[in-house]
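# Understanding the architecture of this molecule
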Amino acid sequence: MTDPAAAVAVAVTFVWLGMVLAISFLEAPLKFRAPGVSVQIGLGIGRLVFRALNLVEMTLAGVLVLAVILVSANSGGSGVPILAILPGGVLGLQLVAVRPALKRRSDRVLAGEVPPGSRAHQWYVGSEILKVVALLTVGVAQLVR
C-alpha cells in the first residue's frame, strides 16, 4: 500500500471498529457488573463515554470518507467510496433517532424514576452491530482493492 490516503483510510476504519467493539460490546455492559457501581453511576459514566465516543466517531467518519475519496480519485474510482458512507450513516441514524430516546430514558432513571421498558436500547445495540458489519465491509474492501 503505497498511497498514504489508502493507509489512512484502512487505519481509520480499523481504529473506529476497535473503538466500537471495545466500548459498546465490552466496557458498556461490564461497568454495571463492577462492585459499587449503581445504575445511576453506570448511566452517568456511560453518557460521558458515549458522548466522547460519538464525537470521535464523527471525526473518524469524516476522515474516512475524505481519505477514500482521495484514494478513489488517485486510482480511477471504485465502489469503496459508497461503502465508506455506510458507517457514518449508521452513526447519524443513532445520533438523530436512537440516542435522544436513550437520553430521555436515562434522564428519568437519573432523576430516580423507574420508567417503563423501552426498545431504544435494543435499537442501539442493533445499530451498533450494523455499524460493525459496515466497518468490517469497508475495511476488507479497502484491503482487497
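Structure's up top.
Remember, it's a predicted structure, so these values are computed and weren't measured experimentally. (Residues numbered from 1 in each chain as written. Predicted model: local features only at pLDDT ≥ 70, side-chain atom pairs only at ≥ 80, totals over all residues. Heavy atoms only, no water.)

## With respect to the layout of surface pockets
Taken as a whole, the largest pocket holds about 770 Å³ of empty space. Residue lining of the largest pocket: 25 residues in total, with Phe32, Leu43, Phe50, Leu102 and His121 positioned closest to the centre. The set of elements that each furnish at least two residues to the lining of the largest pocket consists of α1 (4–31), α2 (39–75), α3 (80–110) and α4 (120–144). When residues in the lining of the largest pocket are grouped by element, the largest group, seven residues, is from α3. Considered class by class, the residues forming the lining of the largest pocket number eleven nonpolar, seven polar and seven charged. (1 Å grid on protein atoms, 1.4 Å probe; cavity = no way out; pocket = protein on both sides within 12 Å on 5 of 7 lines; lining within 4 Å. Points joined across faces, edges and corners; volume = space filled by probe spheres on them. Helix = DSSP H or I, 4+ residues; strand = E, 2+ residues; numbered from the N terminus. Nonpolar A, V, L, I, M, F, W, Y, C, P; charged D, E, K, R; others polar.)

## Re the side chain of Asn54
By the secondary structure assignment, Asn54 is in helix α2. Residue classification places Asn54 among the buried residues on the basis of a relative accessible area of 3%. With residues near it in sequence (within four places) discarded, Asn54 still touches Leu91, Leu95, Arg99 and Tyr124. (Buried < 20%, exposed > 50% of the residue type's maximum accessible area, 1.4 Å probe, protein only. Contact = heavy atoms within 4.5 Å.)

## Topic: the environment of Pro116
Within the secondary structure layout, Pro116 lies in the loop between α3 and α4. The exposed category is assigned to Pro116, whose relative accessible area is 56%. Along the sequence, Pro116 and Arg105 sit eleven residues apart, while their C-alpha atoms lie 8.9 Å from each other. Ignoring any residue separated from it by four or fewer positions in sequence, one finds Pro116 in contact with Arg105 and Arg108.

## Quick word on the packing of α1 against α4
Close contact between α1 and α4 brings their axes to 9 Å; oriented N to C, the two are set at 155°. Looking at the two axes, α1 sits roughly antiparallel to α4. Considering the relative orientation of α1 and α4, their crossing is left-handed. Along its contact with α1, which presents Ala6, Ala9, Val10, Thr13, Phe14, Trp16, Leu17, Val20, Leu21, Ser24 and Phe25, the element α4 presents Val125, Glu128, Ile129, Lys131, Val132, Leu135, Leu136, Val138, Gly139, Val140, Gln142 and Leu143. (Axes fitted to C-alpha atoms, helices over the stretch in contact; angles between N-to-C directions. Parallel < 35°, antiparallel > 145°, perpendicular 65-115°, else oblique. Left-handed = near helix turned anticlockwise from the far one by under 90°.)

## Thoughts on a nonpolar patch on the surface
There is a patch of nonpolar side chains on the surface, built from Phe14, Leu136, Val140, Leu143 and Val144 and spanning about 440 Å² of accessible area. Element by element, the count of residues in the nonpolar patch is highest for α4, at four residues. Following the sequence through the fold, Val140 ends up in helix α4. Overall, Val140 belongs to the partly exposed group, its relative accessible area being 44%. (Patch = residues over 30% accessible without salt bridge, like charges linked within 9 Å, V, L, I, M, F, W, Y side chains within 5 Å. Areas by Shrake-Rupley, 256 points an atom, 1.4 Å probe, with all protein chains shown as cover. Salt bridge = Lys/Arg side-chain N within 4 Å of Asp/Glu carboxyl O.)

Structural measurements only, silent on function.
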